[in-house]
Every structure is written in structure tokens, then in C-alpha cells.
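Reading the structure
Each chain, written out:
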Amino acid sequence: RTVHKEAPPDNGGMAAVAEALGRIGLQSYAAAFDCEGFDDIEFLLGLDRAERAAVATATGMDAKPGHAGKWVKFGFGEP
């Protein structure tokens, strides 16, 4: 028996995440976001500060407190 699932909606994938990181000067983390599975721009846009802090830790961004602080405070928005 074969079960067919609908294809997930196109959310831009990792290209959209990398572009958004580039717009805020954090493009060097694109590979880490991809490696950790953070490849859904809509999901990332919906995160609150605490959730963004967890992403910063998971992607190694917290090794540079200025980068992590910028991400946690503003997400993909402009400071």
C-alpha cells in the first residue's frame, strides 16, 4: 500500500533564509542554519526572542555575543 503525501508549500527554503541573513549582515551563519534544519523562513519569522536565543545557541551564533544579541533582539528586522 502506498501512501501519498502532499508536497510541502514552497517557503523559499534555505535560499530565502540565507538571503534574509545576508540582509542583516549575518550571512556567515547560513550553513549553520541549514545544518541545524532552520530552513523555513516563515517558521523563523514567527519566533519570539526566547526562541531566537535557542536558534543562536544551536547555530553557534552565541560564540559572538554581538551577533547573537542582534539576532535575538531584531530577528530579520532592521535594528
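Shown above is the structure to which this text applies.
Every value quoted in this text rests on a predicted model; they were computed, and no experiment measured them.

The next thing to look at is the side chain of Thr59. With respect to the helices and strands, Thr59 occurs in the loop between helix H4 (49–58) and helix H5 (65–74). Taking relative accessible area as the criterion, Thr59 reaches 8% and is therefore assigned buried. A polar contact of 3.4 Å, which involves the side chain of Thr59, links it to the backbone oxygen of Ala56. Those residues in contact with Thr59 that sit more than four places away from it in its chain are Tyr29, Ala32, Phe33, Glu36 and Phe38.

What follows concerns the environment of Glu36. On the secondary structure map, Glu36 appears in the loop between helix H2 (30–35) and helix H3 (41–45). Among the residues examined, Glu36 registers a relative accessible area of 42% and is labelled partly exposed. Residues Glu36 and Thr59, 23 residues apart in the sequence, show an inter-C-alpha distance of 6.8 Å.

What counts, and where the lines are drawn
- Residues numbered from 1 in each chain as written.
- Predicted model: local features only at pLDDT ≥ 70, side-chain atom pairs only at ≥ 80, totals over all residues.
- Heavy atoms only, no water.
- Helix = DSSP H or I, 4+ residues; strand = E, 2+ residues; numbered from the N terminus.
- Buried < 20%, exposed > 50% of the residue type's maximum accessible area, 1.4 Å probe, protein only.
- Polar contact = N/O pair within 3.5 Å; in protein donor to acceptor, adjacent residues only side chain to side chain.
- Contact = heavy atoms within 4.5 Å.

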